[in-house]
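# Structural characterization, general
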Amino acid sequence: MTEVLSRTGVIRPDPKDPSALRIDEVLVRKMLVLFIRDETWKTRLKRAVVGVSGGVDSAVSVALASEALGPENVLGLFTPYRHSSQESRLHARAVSKQFGFTLEEVPITAQVDAYFRAAPVDESDPRIRIRMGNKMARERKSIEYDRSWPDGIVIGTSNKTELLLGYGTQFGDMACGINPVGDLYKTQLRELALHLGVPEEIVRKAPTAELWEGQTDEGELGFSYAEADLVLYHMVDRRLRPSELIAAGFDASLVNRIREMVRKNHYKRVMPLIAKVSLRTVGHDFLYPRDWEAD
Amino acid sequence: MSVRIAVAQCSPALGAVRRNLEMHASWIARAREAGARLVVFPELSLTGYYLKDLAADVACAADDPQLGPIAEASRDIDISAGFVERSADAKLHIAQGYWSKGKLVHVHRKVYLPTYGIFDDGRYFGPGDRFETFKSVGGSTGVAICEDLWHVSTPYLYAAAGAAVVLAPSASPGRGVAEGGDLGTAESCRLMDRFYAQYLTLYVVYVNRVGHEDGIAFWGGSEIVAPDGTVVARAPEFDEHLLVGEIDPDLVARERARNPLLRDEREDIVLRNVAGRLGLPLERRD
């Protein structure tokens, strides 16, 4: 009984105590494997397609998919742009070797560069970099969707931290049929990755979307995932207000900045708005479950 | 004389009543083979849980021929199963029927419709308005559908009315995966089942489903808890399972003799207290 309370009832927000984020990896693994299996088979699909970047998030997604559907039913796609590192390629291959799924390499440099060549851009301009990054993310996703046809599902790799911060490209890396890792913060995903047997080198390296050379997520965000995860956990999971977090000793500018990112990017997490004019409208009052099964 | 009962920890298909009827038939057959006199299915076992607008599509009257196969199958084993009931005045209810010897003998309509967090029952269904006991193979019995059980007054009212058994068909989503223990929901439910069983001195038959609907996992973990607080049988988490266990009416009697909480219960005080607060004061008769 005391244990139950200590785990669920009396977690206090403390910027120096990351233990609130710890998860039961065995339980989470079981839940996520069953989720992938159930939600894939229910749609009469049997294969999974996962973009494998060489990073930890996609390593976890593809490992879970391989366990759920059998590695023979999983296709990993490594889709390098010219900025992508040899290290990423080696890591993607290591993940493929570890979990037994087929990995294919489909470069995206030619099509992305062809597109931007039509109206030449200055790659050193940060706004252009963002456009190019978005284009790469959507290019990759269009390949994953193409390769999923006709009997495969695209498995998402966006973690809870990215989803909440909106740190991703809508209809790009955020797009998927199902997402097994979207309710796990980055630090929790790392914990799960080690449990699943993802090589430690991949788990420990600095996260990067490799949208330009030398980019790292934490460098771009201006805070670490460890910091963000703890703030988000107390703010979202435990429903504490920013003022309560600040009173508990969290850095005010960090808390406010994170809160604003969550708000500003919420549109990325929901379906596009449909203007309601008729008596019954998709998304408003035509509300059927997605898992609407055939009888 | 103990009575063997079975719990069908199954995974209904969402909105597919015909398929679910076939699924029920196979679990009923297995329960019969296991020598059970009753098989209990989870909440909305014939329709699936997160129905949303499908609720109206799958609804039927409690005596609808659509439910005929369940009634028919109950000739040699009692069956409790969940469906969407359309009342005579066309309200939709989350209902749990109890069929015995070919007939529907009791229907409980879920009273407490959770409409918060991941739940939206109150948007699609109307609430039931009573807790009535009936006679099952285990003796006097009450049904608490999922959220009903979370309200302390539900099992209390059944116990006060003399129930020896509370059947608790559920569609409980699993959540809470913090390190160092079981699933958060599982811990809460087990605490609840045991508390009610032991302090109301009755059997709690907790019947949860498994499978996924729209990304939400139902965690299973069905269990039969005896009036002395012991777990008679418990199903695994997340996997389909036919759980079989014995209910012993003599144990209810022994526990009530040893621990006569119900005998000493003062319903009159409860009634006066509640009535007074609601502005309906009752006269003292003593």
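It should be noted that the structure appears before, not after, this text.
Scope of this entry: the structure provided in the associated data block.

### Re the overall build of chain A
Scanning chain A from N- to C-terminus turns up 13 helices and four strands. For chain A, the C-alpha radius of gyration of 20 Å lies close to 19 Å, the compact-globule estimate for 295 residues. Taken over the C-alpha atoms alone, chain A extends approximately 55 × 55 × 55 Å along its principal axes. Every one of the 295 residues in chain A was classed for burial, and the buried ones make up 50%. Relative to all contacts within chain A whose residues are 6 or more apart in sequence, the contacts with residues 24 or more apart total 73%. Put simply, chain A has 41 plus and 42 minus side-chain charges, and the middle of one group is 3 Å from the middle of the other.

### Focus on the sheet that holds strand β5 (residues 103–109) of chain B
All names here are of chain B. The six strands are arranged β5-β4-β3-β2-β1-β14 in an open sheet whose pairing can be described as mixed. Looking along the sheet, the strands with just one partner apiece sit at the ends: β5 and β14 (241–247). Averaged over all pairs of adjacent strands, the angle between strand axes in this sheet comes to 30°, irrespective of strand direction. Taken together, the three bridges between strand β1 (residues 3–9) and strand β2 (residues 38–40) define a ladder with parallel strand orientation. Bridge pairing links isoleucine 5 to leucine 38 in β2.

### Side note on the sheet that holds strand β9 (residues 203–208) of chain B
Residues and elements named next belong to chain B. Spatially, the six strands line up as an open sheet ordered β6-β7-β8-β9-β12-β13, and their pairing is mixed. On the outer flanks of this sheet lie β6 (134–136) and β13 (231–234), each paired with one strand and no other. On average, each strand axis in the sheet is inclined to that of its neighbour by 25°, with strand direction left out of account. With three bridges joining them, β9 and strand β12 (residues 223–225) adopt antiparallel strand pairing. Counted as the bridge partner of tyrosine 206 is glutamate 223 from β12.

### Here's the deal with the nonpolar core
Counting 71 residues, the largest nonpolar core has Val39, Phe41, Leu51, Ile79, Phe125 and Val205 of chain B as the members making the most contacts within it. Broken down by element, the residue count for this core peaks at six residues, all from helix α1 (residues 17–33) of chain B. Not counting the four nearest positions on each side in its chain, phenylalanine 41 of chain B is found in contact with Ala8, Cys10, His24, Trp27, Ile28, Ile79, Ser80, Ala81, Gln96, Pro169 and Val207 of chain B. One finds Leu45, Phe78, Ile155 and Ala193 of chain A within the second-largest nonpolar core, a separate group that totals 37 residues.

### What to know about helix α5 (residues 109–117) of chain A
Residues and elements named next belong to chain A. Regarding α5, the residues found buried are Val112, Asp113 and Phe116. For α5, the angular spread of the buried residues around the axis is 95°, confining them to a single face. Of the exposed residues in α5, the ones pointing more than 90 degrees away from its buried face are Ala110 and Arg117. Those residues of α5 that are buried lie in contact with α6 (126–148).

### Focus on the environment of alanine 16 of chain B
With respect to the helices and strands, alanine 16 of chain B occurs in the loop between β1 and α1. Alanine 16 of chain B sits in the buried class, given a relative accessible area of 0%. Taking the C-alpha atoms as reference points, alanine 16 of chain B and proline 127 of chain B, separated by 111 residues in sequence, lie 23 Å from one another. Setting aside residues up to four positions removed in sequence, alanine 16 of chain B forms contacts with Glu293, Ala294 and Asp295 of chain A together with Leu46 and Thr47 of chain B.

### Points about the packing of helix α2 (residues 25–41) of chain A against helix α8 (residues 186–196) of chain A
Residues and elements named next belong to chain A. Between α2 and α8, the shortest axis-to-axis distance is 10 Å and the interhelical angle comes to 85°. With respect to α8, the element α2 is oriented roughly perpendicular. Taking contact as the criterion, the partners of Glu25, Val26, Val28, Arg29 and Leu32 in α2 are, on α8, Glu191, Leu192, His195 and Leu196. Partitioned by chemical class, the residues of the contact of α2 with α8 number five nonpolar, one polar and three charged.

### Section: the state of the cysteines
A complete count under the given rule lists zero disulfides over all chains for this structure. Looking at cysteine 146 of chain B, it has no disulfide partner, and the nearest cysteine sulfur is the one in cysteine 189 of chain B, 7.5 Å off.

### Examining the environment of glutamate 213 of chain A
By the element assignment, glutamate 213 of chain A lies in the loop between α9 (200–204) and α10 (217–221). Remark: the alpha-carbon pair of glutamate 213 of chain A and glutamate 25 of chain A, spanning 188 residues in sequence, is separated by 34 Å.

### Some remarks on the interface of chain B and chain A
On the chain A side, the residues contacting the 34 residues of chain B number 31 residues. Taken together, the two surfaces of chain B and chain A that pack against each other cover about 2800 Å², and 51% of this comes from carbon and sulfur. The three residues of chain B that bury the most area against chain A are Val177, Glu179 and His212 of chain B, which together make up 24% of that side's buried surface. Between the two partners, chain B and chain A, sit five salt bridges.

### Here's the deal with the pairing of strand β4 (residues 92–100) of chain B
Successive side chains on a regular strand alternate, one facing one side of the sheet and the next facing the other. All names here are of chain B. Among the nine residues of β4, nine are classified as buried, and the element is accordingly described as predominantly covered. With eight bridges connecting them, strand β3 (residues 78–86) and β4 associate as antiparallel partners. Bridge pairing links glutamate 85 to histidine 93 in β4. In textbook terms, the turn of a hairpin is the stretch between consecutive antiparallel strands, and for β3 and β4 this stretch comprises five residues, one of which, alanine 90, has a positive phi near 65°. The sheet contact formed by β4 and β5 spans six bridges and is antiparallel.

### Some points on the packing of aromatic side chains
According to the stated counting rule, one finds 14 aromatic pairs over all chains in the structure shown. Ring plane angle 85° and centroid distance 6.2 Å describe the contact between tyrosine 49 of chain B and phenylalanine 218 of chain B, whose orientation is recorded as edge-to-face. Within this pair, whereas tyrosine 49 of chain B is found in the loop between β2 and α2 (54–58), its partner phenylalanine 218 of chain B is found in strand β11 (residues 216–219), the two being separated by 169 residues in sequence. As far as the burial class goes, tyrosine 49 of chain B and phenylalanine 218 of chain B line up, both buried. An aromatic cluster is present here, built from Phe286, Tyr288 and Trp292 of chain A joined pairwise through their rings. Between the NZ or CZ atom of lysine 186 of chain A and the centre of the ring of tyrosine 225 of chain A, over which it lies, the distance is 5.2 Å.

Definitions and cut-offs
- Residues numbered from 1 in each chain as written.
- Chains lettered and ligands numbered in written order.
- Predicted model: local features only at pLDDT ≥ 70, side-chain atom pairs only at ≥ 80, totals over all residues.
- Heavy atoms only, no water.
- Helix = DSSP H or I, 4+ residues; strand = E, 2+ residues; numbered from the N terminus.
- Rg over C-alpha atoms; globule rule 2.2 N^0.38 Å.
- Buried < 20%, exposed > 50% of the residue type's maximum accessible area, 1.4 Å probe, protein only.
- Contact = heavy atoms within 4.5 Å.
- Lys, Arg positive; Asp, Glu negative; His and termini not counted.
- Charge placed at Lys NZ, Arg CZ, Asp CG, Glu CD.
- Pairing = 2+ DSSP bridges.
- Axes fitted to C-alpha atoms, helices over the stretch in contact; angles between N-to-C directions.
- Core = buried A, V, L, I, M, F, W, Y, C linked by side-chain atoms within 4.5 Å.
- Arc of directions from axis to C-beta.
- Parallel < 35°, antiparallel > 145°, perpendicular 65-115°, else oblique.
- Nonpolar A, V, L, I, M, F, W, Y, C, P; charged D, E, K, R; others polar.
- Disulfide = S-S within 2.5 Å.
- Buried area = accessible area lost by both parts, 1.4 Å probe.
- Salt bridge = Lys/Arg side-chain N within 4 Å of Asp/Glu carboxyl O.
- Phe/Tyr/Trp six-rings, centres within 6.5 Å; stacked < 30°, edge-to-face > 60°.
- Lys NZ or Arg CZ within 6 Å of the ring centre and 35° of its normal.

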